[in-house]
Amino acid sequence: MAGKTESKNGINGKTNGFNHCYQHGHISQNTSPKDTFIETFEETPLSTAILTYLGYAVLVVIGHIRDFLRSIGIEKIKSCTEPKLQGYVSLYQSWESFYTRNLYRRIRDCWNRPICSVAGAEMDILERVSPDNGWNFELTGKKQHVLNFGSYNYLGFAENKGPCADAVEKTTMKYGVGCCGSRQELGYLKIHKQLDELVAKFLGVEAAITFPMGFATNSMNMPSIVGKGCLILSDELNHSSLVLGSRLSGASIKTFCHNDLEDLENKLKNAVVFGQPRTHRPWKKILIVVEGVYSMEGSIVRLPEVVALKKKYKAYVYLDEAHSVGAMGPHGRGIVDYFGIDPKDIDIMMGTFTKSFGAAGGYIGGSKDLINHLKLQSHASIYSCTMPPPVTQQIISSMSIIMGADGTNEGQKRVQQLKWNTRYFRRRLHDMGFIIYGNKDSPVIPLLIFMPAKIAALGRECLKRGLGIVVVGFPATPIIESRARFCLSAAHDKEMLDKALEVINEVGDLLSLKYSRTIPPSFSEKDVELLL
């Protein structure tokens, strides 16, 4: 059910994954200069798919019956409904209202749980109860201490003590909690300039610009880069911020099948040969838009091949590193670092600070000309306040630790710990018999649930056993690919991982979630050595 605000809708408005163009039921292996590229996407069992559709069908039928009973006054209306005005069509979308009222509401306790601690490796959740089956919730005053496997705290910087917290406290006393102005209107402080320069150095690019909101970094900057007469080639699973930015730009948009380089090349070839529709004039520019790590699938972009196509057809690449910067690569510098690619080969490098850095906001890195253009033309630069100084300092401190600029190897230890945790956790889940999606090095690990009733059951049963997880379903995922999504962190030690795996194994047996019928992917000798 819809418990995920970060849903990924395709450019054409279809829900993410309805038309999966990548092949399920196989393991793709392509040797890169750095490592072996291994990703698994096992096909949904036919019987499970049929039962899942039937489960949703029953829920929809019951929902329509209850709506009918409410309309004739037999059942009390507890939701906020749209007033019926004579001669007016409905202002709100009826299907969304129906879905929220009759399907999502039934298991709403699985989401929006109030947390009263730092969202680190462990966290405290406020207990709440619903006296009316999910319409309203009341706090009981009790707290539950659980392992946290649902936060994007990849490098464990979500902390309220230590060098980052100390530096943030000093910055707050010096600058206050906000700037209340944009870059052009006295909101740009010395600390913001320091961050811009540090980000550029960290990424290995000429210059960088930072913004207070990650979503707006995509949605508000893409219209400044492409427009009418331009073509965007977007991966079908790109995040909704990229989708919105593409639409706002006014450029023509075509999607290509996820990580399908043959499909991408065909579309590039046709774009170059035939040009714009009707006039056949050449496109002003062609922009390939991809993500480093796809947060719902746990897959990784095949960046070396994308860069090769970009050079072959003289296109540009827009790379979203929201989930990969800090979490991927031997130095924690993202998917570019992971594959050992020259940063200059990526025209527009975008990322956020909300995951690996324990902060907020986003950045764009590239050439000086690009950054100067965005400083003058970007709506996110002109019309928004600059990043709050305490948040800016958190990023500076955590990024400095990752780079080793603090004089310690703490950053490198965290990067390596995350890599070990990821491979260990994935391998154990595969061996238990669960269907797991994604790349062996992706810290986002989707575990397929499928059936709607099991979405809530898994979330509730894990919480009872002291494990906090994120469960996701339609419309944030395809209707037959509901999943739990585990997010690994460098703050997790082996004891925590083993405890979480024990809970998942127990609940998996209880709910019959071990659907896998394939042999777990074979790891290289290097991988085996890493896990020993």
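Since the model is a prediction, treat every value here as computed from it, not as a measurement.

S.K.: So, the overall build of the chain: which residues are in play, and what are the values?
M.R.: Broken down by element type, the chain carries 17 helices and 18 strands. The globule rule puts the C-alpha radius of gyration for 532 residues at 24 Å, and the 24 Å found for the chain is close to it. The buried share among the 532 residues of the chain stands at 55%. Taking contacts inside the chain between residues at least 6 apart in sequence as the whole, the part at least 24 apart equals 72%. A total of about 23900 Å² of accessible surface is found on the chain, and carbon and sulfur atoms cover 55% of it. Positive and negative side-chain charges in the chain, numbering 62 and 53 respectively, have mean positions lying 5 Å apart.

S.K.: Describe the pairing of strand β13 (residues 362-366), with residues and values.
M.R.: For β13, the buried fraction is high: five of the five residues fall into the buried class. Along β13, one buried face is formed by G362, I364 and G366 and the opposite face, lined by Y363 and G365, is buried too. Bridging between strand β5 (residues 207-211) and β13 involves five bridges; their strand directions are antiparallel. What sits directly across from I209, in β13, is I364. By the bridge criterion, four bridges tie strand β12 (residues 348-352) to β13 in an arrangement that is antiparallel. Within β13, the residue paired with T352 across the bridge is G362.

S.K.: Please give an account of the side chain of K355 that cites residues and values.
M.R.: On the secondary structure map, K355 appears in the loop between β12 and β13. The class of K355 is buried, set by a relative accessible area of 8%. Among the polar contacts made by the side chain of K355, one reaches the side chain of T354 at a distance of 3.1 Å.

S.K.: Tell me about the packing of aromatic side chains, and please be specific about residues and values.
M.R.: Across all of its chains, the model carries 13 aromatic pairs by this definition. Between F149 and F425, the ring centres sit 5.5 Å apart and the planes meet at 25°, which makes this aromatic pair stacked. One end of the pair, F149, is in the loop between β4 (138-148) and α3 (163-175); the other, F425, is in helix α14 (residues 410-432), with 276 residues separating them in the sequence. Seen in terms of ring centroids, W420 and Y424 are 4.8 Å apart; in terms of plane orientation they differ by 15°. Their pairing is stacked. Of this pair, W420 and Y424 both sit in helix α14, four residues apart, which is roughly one turn of the helix. For Y424, a relative accessible area of 10% gives the class buried. Members of the aromatic cluster, connected to one another through ring pairs, are F202, F353, F357 and Y363. Over the ring of F137 we find R128, and its NZ or CZ is 4.3 Å from the ring centre. Lying across the ring of F157, R414 places its NZ or CZ 4.2 Å from the centre.

S.K.: So, empty space enclosed by the protein: which residues are in play, and what are the values?
M.R.: Enumeration according to the criterion identifies two cavities of 30 Å³ or more in this entry. One number sums up the size of the largest cavity: a volume of about 80 Å³. Taken together, R183, Y188, H192, T210, F211, P212, A380, S381, S384, C385, T386 and M387 make up the lining of the largest cavity. Sorting the residues of the lining of the largest cavity by element identifies β5 and α12 (379-382) as the ones contributing at least two each. Tallied by class, the residues present in the lining of the largest cavity amount to six nonpolar, five polar and one charged.

S.K.: Explain the domain arrangement of the chain to me, using residue names and the numbers behind them.
M.R.: For the chain, the domain assignment lists domain 1 (38-148 + 408-531) and domain 2 (163-403). Averaged C-alpha coordinates put domain 1 and domain 2 at centres separated by 28 Å. With 22 residues of domain 1 at the contact, the number on the domain 2 side is 19 residues. For the pair domain 1 and domain 2, the summed buried area comes to about 1400 Å², and 57% of that belongs to carbon and sulfur atoms. At the junction of domain 1 and domain 2, the tally comes to one salt bridge. Its salt-bridge partner being E297, residue R483 comes within 3.5 Å of it at the nearest N-O pair.

S.K.: I'd like a rundown of the sheet that holds strand β17 (residues 470-472), residues and numbers included.
M.R.: What holds strands together in a sheet is hydrogen bonding between their backbones, with the strands either parallel or antiparallel. Ordered in space as β15-β18-β17, the three strands form an open sheet in which the pairing is antiparallel. The open sheet has two edge strands with one neighbour each: β15 (444-448) and β17. Across this sheet, the average inter-strand angle for adjacent strands is 30°, counted without regard to direction. Its contacts with the sheet put α14 on β15 and β18 (483-487), and the angle it makes with β15 is roughly 10°.

S.K.: Hey, could you go over the state of the cysteines for me, with residue numbers and the actual values?
M.R.: Scanning the model with the defined rule gives zero disulfides in all. Free of any disulfide, C116 has its nearest cysteine sulfur in C110, 19 Å distant. Using a relative accessible area of 33% as the deciding quantity, one classes C116 as partly exposed. Here C179 stays unpaired: no disulfide links it, and the sulfur of C180, its closest cysteine neighbor, is 7.4 Å away. On the accessibility criterion, C179 (19% relative accessible area) is buried.

Conventions adopted
- Residues numbered from 1 in each chain as written.
- Predicted model: local features only at pLDDT ≥ 70, side-chain atom pairs only at ≥ 80, totals over all residues.
- Heavy atoms only, no water.
- Helix = DSSP H or I, 4+ residues; strand = E, 2+ residues; numbered from the N terminus.
- Rg over C-alpha atoms; globule rule 2.2 N^0.38 Å.
- Buried < 20%, exposed > 50% of the residue type's maximum accessible area, 1.4 Å probe, protein only.
- Contact = heavy atoms within 4.5 Å.
- Areas by Shrake-Rupley, 256 points an atom, 1.4 Å probe, with all protein chains shown as cover.
- Lys, Arg positive; Asp, Glu negative; His and termini not counted.
- Charge placed at Lys NZ, Arg CZ, Asp CG, Glu CD.
- Pairing = 2+ DSSP bridges.
- Polar contact = N/O pair within 3.5 Å; in protein donor to acceptor, adjacent residues only side chain to side chain.
- Phe/Tyr/Trp six-rings, centres within 6.5 Å; stacked < 30°, edge-to-face > 60°.
- Lys NZ or Arg CZ within 6 Å of the ring centre and 35° of its normal.
- 1 Å grid on protein atoms, 1.4 Å probe; cavity = no way out; pocket = protein on both sides within 12 Å on 5 of 7 lines; lining within 4 Å.
- Points joined across faces, edges and corners; volume = space filled by probe spheres on them.
- Nonpolar A, V, L, I, M, F, W, Y, C, P; charged D, E, K, R; others polar.
- Domains from an automatic or database assignment.
- Buried area = accessible area lost by both parts, 1.4 Å probe.
- Salt bridge = Lys/Arg side-chain N within 4 Å of Asp/Glu carboxyl O.
- Axes fitted to C-alpha atoms, helices over the stretch in contact; angles between N-to-C directions.
- Disulfide = S-S within 2.5 Å.

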